[in-house]
Amino acid sequence: MAGRAEVFFSTEEEFLPEISFPDELRIFENELNNEAWDTWEAFTLRVRAEELALRQDFEELLILTRLKDCWERAGLIPYDHQVATVKRVIGEMRGCAILADEVGLGKTIEAGMIIKEYILRGLVKKVLILTPASLCRQWAAELSQKFELYPVIARGFMDWDRYDLIICSLDTAKQPDRRQALQRLSFDLVVVDEAHKLKNPSTLNYRLVAGLKKKFFLLLTATPFQNDLKELFTLISLLRPGQLGNYRSFRQRFMKEKREAKNTGQLRSLLREVMIRNRRGPHITLPPRRVATLPLAPSPPEREFYRAVTDFVRREYRRQEKATVNPLTLLTLQREVCSSSFAAAETLYRLCAKAGESDGQKIVSLMEKAGRLKENTKMNLVEEILRQAPEEKFLIFTEFLATQQYIRSRLQKSGIPALTFDGSMSASKKDFTIHRFRSDPRYRVMICTEAGGEGINLQFCRSMINYDLPWNPMRLEQRIGRIHRLGQTREVYIYNLVTEGTIEEHLLKLLVEKVRLFDLVIGNSQQIIDYFQKNSLEARVMKVLATAETEQELDEKFAALSEEIEKELQQPGGINLDQLLES
Amino acid sequence: MAEKFPAEVIRRFVLDTLELSGAPYRIVDKVIMAEVTVEIPAMFFDPPRLEKQTLNMVFTPEDAAGYPGAELVSWGSYRLNWFIEGVKKRGGLTLQTAEADPAAVEKELPGLRAGATAGPVRKVNRPYLAVNYVLSRYADTLREDLVSLGIDMTAGEIHEDFLAILQKAKMTPGIPAGEIARPVLSPAEALNRLHQYLAEKILAWDPSWREKARRCYEEELICLYRYYHEGNADERRVFNERARELYEKYRPRVTVRPVNLGFFYLPEFVYTKKDAAFSYQPLLGRRERVPGLAITPRNDKG
């Protein structure tokens, strides 16, 4: 294609305006045939109305006045950084941008603002929003409640042409027949949420999005790349091919190696032309977090059960290939026993059904121990916390359904009605449950399992209890992120319940003291996210647990692991987006 | 934009809209309290359920602070838009006879009479077609303008800002009782001429808006080229597709949308002076010789 430089130039004629004239006599056919003459006052008032509604290339945003009432009702406060983002995308960036705000700063809100602003300005009519399936309904709810936009969620076969505002999951959209239908259409605006799923150009996801015809284009992701500069190149090139040259020239100019950039000054200014990343800082703040770690002593039978299960897990784990129980199941069992005997009992029951004679005996004895435990000491503390703050709404998080059921029935007995929220619920049931929790004063408590932790926004609540700890620090951050995000106006309280003498106690200490997880606000430390994505904490904890012979040895090994992680976290990682974008 | 429409303009518009719709209202200090009929909910029922609602409206932020619970109606607000959408259902077509200010006419007439050498000074009603248009110029941005045109159906002359001319007149609905000049153009022909006129006008606009679009387009093309220039045949095809998309985004387009149509009869006084026909058109503020203008003393529908 070299040598065809003429393609850069358009002709004068191509940029003469194409004018389309109306057929006035047909437009006013009915009135003319019926001689439906209106009054002079109506005639002039009509012109004044049109004058008030003229759309212009304004500096100021139309949404700020148009949606003022709607936002008051929905409790949405447009933040300065969001308004500035919308202006920049529509102005300088000509409607093509990567919105890479840190988690919790309202990328969805910014995208909603841009969509609505473009529609009000008359520049956009046909919009396609691609999101992970789990977020379709939330997008629809946000758009209708906060932007007075009423999208259609595309599922099976549909007449894509008929709807102007479509939300579709990436998985649905990439089915061959739907993909073809979508790629035949021309969209004024395409929005892709969680756009880091497009980092690989050979995937269907990428090819689908690249093949869509679009005028304006938004990609939303808090993590445009992780350590690999090629991912960054791919994403930027999807948005605006050529912004970073082609891959050959990009490698030459900007890559020292896979994870190390050069000419960062130039790269930075190219990135800033197409990417906006708002971060927490002096201008964007959240109310503080208060974290209380509440240790509690288990009852003697609880302690005995914990020890028995841990011994079993340790023995099985050490048998390695000869083990009859899958190591993942062992990990689950160990996590369950930290949560409650009820959670552990379920896995034990399943193991028992599969186990041979000799193993079966051991498991049955464990089950008997579990069966004798009718209560869980943690619940006393939960009830105490609830008693002390009778006006507050509380989110209680647990990883396990059995624990969730137990908490709920215990609260029921104490006269505290509670809602449950878990991944198995249908989307409409989830919406309804959240709505109830928000508006029904009878329900002070909602008990969520981990599956319920992603993507839902519960800023109206500011207190949470971690009944057990997820062993993956990012899942813990996600839990906190449900209530500690933009829109939260009050201090946030986080209660961590830890049973003394359990692995959880060590884990929490590690997360609090070494990772400083509760101090940081997520995204503030991309490095930590990256770190735990690459290094599974669960596996390392399990290894420590399995190899330690005595309590003391466990303490020592855990301390060593903590030191190791602390040191690794302090090491300068690979390339990081925030370093790249900062001057 | 907000400053282009100060609070008083918005307030006036709301009051006139209430007047036109016949909705009862009261003005209490700074607040307009109006009882309006709204469709609830507009989306689900056909026909929608109609319900009376009381609106308490203020027009400046200061007044909004002074009257808690009152709704601030300002440019771009939901409520103003609601009124605008309502008004758009009215005033599409009108037929009016215009009268110039009698005092001004009275002042001119004695002079005309004195100058007339043959016959009396006759009053004739000349038919005009008035069309108000919204012109939308699109590239990757949009700008809209309102243009008000009037065309003389007897001679084809086109006047800009025609609404401003009409607003000087006193209107009486319907066809005038007196003499009417015979139209030469059919409405379709008249509209055709308006389109030609608009096309010329649009091409004569300051071209900076489309030059800017062209510049942006070329910048985007250069960028695109950097990505694809070493590509194979398949990538060349993708390049061409992308380039077409970009052209679609930036190419300039103008759509012409009629807001409303009006048939107007404007007064004209004609007289003969030394074998030539003269005409005085008070609303256009001009007196001119009209050679060969046929004025048939007949009543004729516009």
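### Things to note about the overall build of chain B
Link 1 in the chain: Looking only at helices and strands, one finds eight helices and 13 strands in chain B.
Link 2 in the chain: The C-alpha atoms of chain B give 27 Å as radius of gyration, which overshoots the globular expectation for 302 residues (19 Å, by more than 25%).
Link 3 in the chain: Dimensions along the principal axes, computed over C-alpha positions, put chain B at roughly 85 × 60 × 40 Å.
Link 4 in the chain: A burial count over chain B gives 48% of its 302 residues as buried.
Link 5 in the chain: Here the analysis covers contacts within chain B between residues at least 6 apart in sequence; of these, 65% occur between residues at least 24 apart.

### Here's the deal with the confidence of the model for chain A
Link 1 in the chain: Summary statistics for chain A give a mean pLDDT of 87 and a share of 93% for residues scoring 70 or more.
Link 2 in the chain: Counting contacts from residues 1–6 of chain A, a segment whose pLDDT is below 50, to residues more than four positions away or on other chains yields 10 contacts.

### Looking at the sheet that holds strand E6 (residues 186–192) of chain A
Link 1 in the chain: If you trace the seven strands from one edge of the open sheet to the other, you get E4-E5-E3-E6-E7-E2-E10 (chain A), paired in parallel fashion. Edge positions in the sheet fall to strand E4 (152–154) and strand E10 (275–276) of chain A, since each has one partner strand and no second.
Link 2 in the chain: As paired elements, E6 of chain A and strand E7 (residues 213–220) of chain A share six bridges and run parallel to each other. Bridge pairing in E7 of chain A places valine 191 of chain A opposite leucine 218 of chain A.
Link 3 in the chain: Strands strand E2 (96–99) and E7 of chain A of the sheet are contacted by helix H8 (residues 233–250) of chain B, whose axis makes an angle of about 95° with E7 of chain A.

### Considering the interface of chain A and chain B
Link 1 in the chain: Facing 73 residues of chain A, the contacting portion of chain B comprises 92 residues.
Link 2 in the chain: Interface area for chain A against chain B, summed over the two sides, is near 8300 Å², with a carbon-plus-sulfur share of 61%.
Link 3 in the chain: Counting every contact that joins chain A to chain B gives 10 salt bridges.
Link 4 in the chain: Residue arginine 94 of chain A pairs with glutamate 219 of chain B through a salt bridge whose shortest N-O separation is 2.9 Å.
Link 5 in the chain: Run the count over chain A and chain B and you get 32 residue pairs in polar contact (both at pLDDT 80 or more).
Link 6 in the chain: When contributions to the side of chain A that touches chain B are tallied by element, the ones reaching two or more residues are strand E1 (18–20), helix H1 (24–27), helix H2 (29–33), helix H3 (40–52), helix H4 (62–66), E7 and helix H12 (229–239) of chain A.
Link 7 in the chain: For the side of chain A that touches chain B, the element with the highest residue contribution is H3 of chain A, accounting for 12 residues.
Link 8 in the chain: Across the side of chain A that touches chain B, the residue classes break down as 35 nonpolar, 14 polar and 24 charged.
Link 9 in the chain: Judged from the three bridges that link them, E1 of chain A and strand E11 (residues 253–273) of chain B form a sheet pairing that is parallel. Pairing of serine 20 of chain A across the sheet is with threonine 255 of chain B, part of E11 of chain B.

### Comments concerning the pairing of strand E6 (residues 118–138) of chain B
Strand residues, when the strand is regular, have side chains that alternate between the two faces of the sheet.
Residue and element names in this part refer to chain B.
Link 1 in the chain: With respect to burial, E6 is a largely interior element, 16 of its 21 residues being buried.
Link 2 in the chain: With 18 bridges connecting them, E6 and E11 associate as antiparallel partners. Its bridge partner being in E11, tyrosine 138 is matched across the sheet by arginine 253.
Link 3 in the chain: Pairing between E6 and strand E10 (residues 179–180): two bridges, direction parallel. Residue pairing across strands places valine 124 opposite glutamate 179, the latter belonging to E10.
Link 4 in the chain: Bridge count for E6 against strand E7 (residues 142–152) is 11 bridges, and the pairing is antiparallel. Its bridge partner being in E7, serine 136 is matched across the sheet by glutamate 144.

### Quick word on the nonpolar core
Link 1 in the chain: In terms of nonpolar packing, the biggest core is built from 66 residues, with Trp139 of chain A together with Met57 of chain B touching the most fellow members.
Link 2 in the chain: Sequence-distant contacts of methionine 57 of chain B, that is, excluding residues within four places in its chain, are made with Val14, Leu18, Lys30, Val31, Ile32, Ala34, Glu71, Val73, Arg79 and Phe83 of chain B.

### Re the state of the cysteines
Link 1 in the chain: Summed over the entire model, instances satisfying the criterion amount to zero disulfides over all chains.
Link 2 in the chain: For the unlinked cysteine cysteine 223 of chain B, the closest cysteine sulfur is that of cysteine 96 of chain A, found at 10 Å.
Link 3 in the chain: For cysteine 223 of chain B, a relative accessible area of 1% corresponds to the buried category.

### A look at the pairing of strand E12 (residues 394–397) of chain A
All names here are of chain A.
Link 1 in the chain: The alternating pattern of E12 places Phe394 and Ile396 and Leu395 and Phe397 on opposite faces, both of which are buried.
Link 2 in the chain: Taken together, the four bridges between E12 and strand E14 (residues 445–448) define a ladder with parallel strand orientation. Paired with isoleucine 396 across the strands is isoleucine 447, a residue of E14.
Link 3 in the chain: The sheet contact formed by E12 and strand E15 (residues 463–466) spans four bridges and is parallel. If you follow leucine 395 over to E15, its bridge partner there is methionine 464.

### Thoughts on the packing of aromatic side chains
Link 1 in the chain: What the rule picks out here adds up to 26 aromatic pairs over all chains.
Link 2 in the chain: Each ring, one from tryptophan 40 of chain A and one from phenylalanine 264 of chain B, has its centre 5.7 Å from the other, and the planes form 85°; the classification is edge-to-face. With tryptophan 40 of chain A in helix H3 and phenylalanine 264 of chain B in strand E11, this residue pair bridges two chains. Phenylalanine 264 of chain B matches tryptophan 40 of chain A in its accessibility class, with the two residues each being buried.
Link 3 in the chain: Consider the rings of phenylalanine 233 of chain A and phenylalanine 250 of chain A, whose centres lie 5.0 Å apart with planes at 35°: the pair is tilted. Note that phenylalanine 233 of chain A is positioned in helix H12 and phenylalanine 250 of chain A in helix H13 (residues 247–254), a separation of 17 residues in sequence. Phenylalanine 250 of chain A matches phenylalanine 233 of chain A in its accessibility class, with the two residues each being buried.

### Re helix H21 (residues 427–439) of chain A
Residue and element names in this part refer to chain A.
Link 1 in the chain: With 13 residues, H21 extends 18 Å between its outermost C-alpha atoms, agreeing within 8% with the 18 Å of an ideal straight helix rising 1.5 Å per residue.
Link 2 in the chain: Thr433, Ile434 and Phe437 are the residues of H21 that are buried. The arc enclosing the buried residues of H21, seen along the axis, measures out at 95°, which places them on a common side.
Link 3 in the chain: Check the buried side of H21 and you find it contacts E12, strand E13 (418–421) and E14.

### What about the side chain of lysine 199 of chain A?
All names here are of chain A.
Link 1 in the chain: Relative to the assigned elements, lysine 199 resides in the loop between E6 and helix H11 (204–210).
Link 2 in the chain: Side-chain polar atoms of lysine 199 contact the backbone oxygen of threonine 223, separated by 3.4 Å.
Link 3 in the chain: With residues near it in sequence (within four places) discarded, lysine 199 still touches Thr223, Pro224, Phe225, Gln226, Glu231 and Thr234.

### Notes on the pattern of salt bridges
Where charged atoms from two side chains of opposite charge approach closely, those side chains can pair.
Link 1 in the chain: Across all of its chains, the model carries 55 salt bridges over all chains by this definition.
Link 2 in the chain: Glutamate 241 of chain B is the partner of arginine 237 of chain B in a salt bridge, and the nearest nitrogen-oxygen pair spans 2.7 Å. Here glutamate 241 of chain B and arginine 237 of chain B lie together in helix H8, a separation of four residues that amounts to about one turn.
Link 3 in the chain: The partly exposed category is assigned to arginine 237 of chain B, whose relative accessible area is 44%.
Link 4 in the chain: Salt bridges linked by common partners bring Arg94 and Arg240 of chain A together with Glu219 and Glu220 of chain B together as one network.

Rules of the game
Residues numbered from 1 in each chain as written. Chains lettered and ligands numbered in written order. Predicted model: local features only at pLDDT ≥ 70, side-chain atom pairs only at ≥ 80, totals over all residues. Heavy atoms only, no water. Helix = DSSP H or I, 4+ residues; strand = E, 2+ residues; numbered from the N terminus. Rg over C-alpha atoms; globule rule 2.2 N^0.38 Å. Buried < 20%, exposed > 50% of the residue type's maximum accessible area, 1.4 Å probe, protein only. Contact = heavy atoms within 4.5 Å. pLDDT = per-residue confidence, 0-100. Pairing = 2+ DSSP bridges. Axes fitted to C-alpha atoms, helices over the stretch in contact; angles between N-to-C directions. Buried area = accessible area lost by both parts, 1.4 Å probe. Salt bridge = Lys/Arg side-chain N within 4 Å of Asp/Glu carboxyl O. Polar contact = N/O pair within 3.5 Å; in protein donor to acceptor, adjacent residues only side chain to side chain. Nonpolar A, V, L, I, M, F, W, Y, C, P; charged D, E, K, R; others polar. Core = buried A, V, L, I, M, F, W, Y, C linked by side-chain atoms within 4.5 Å. Disulfide = S-S within 2.5 Å. Phe/Tyr/Trp six-rings, centres within 6.5 Å; stacked < 30°, edge-to-face > 60°. Expected span 1.5 Å × (residues − 1). Arc of directions from axis to C-beta.

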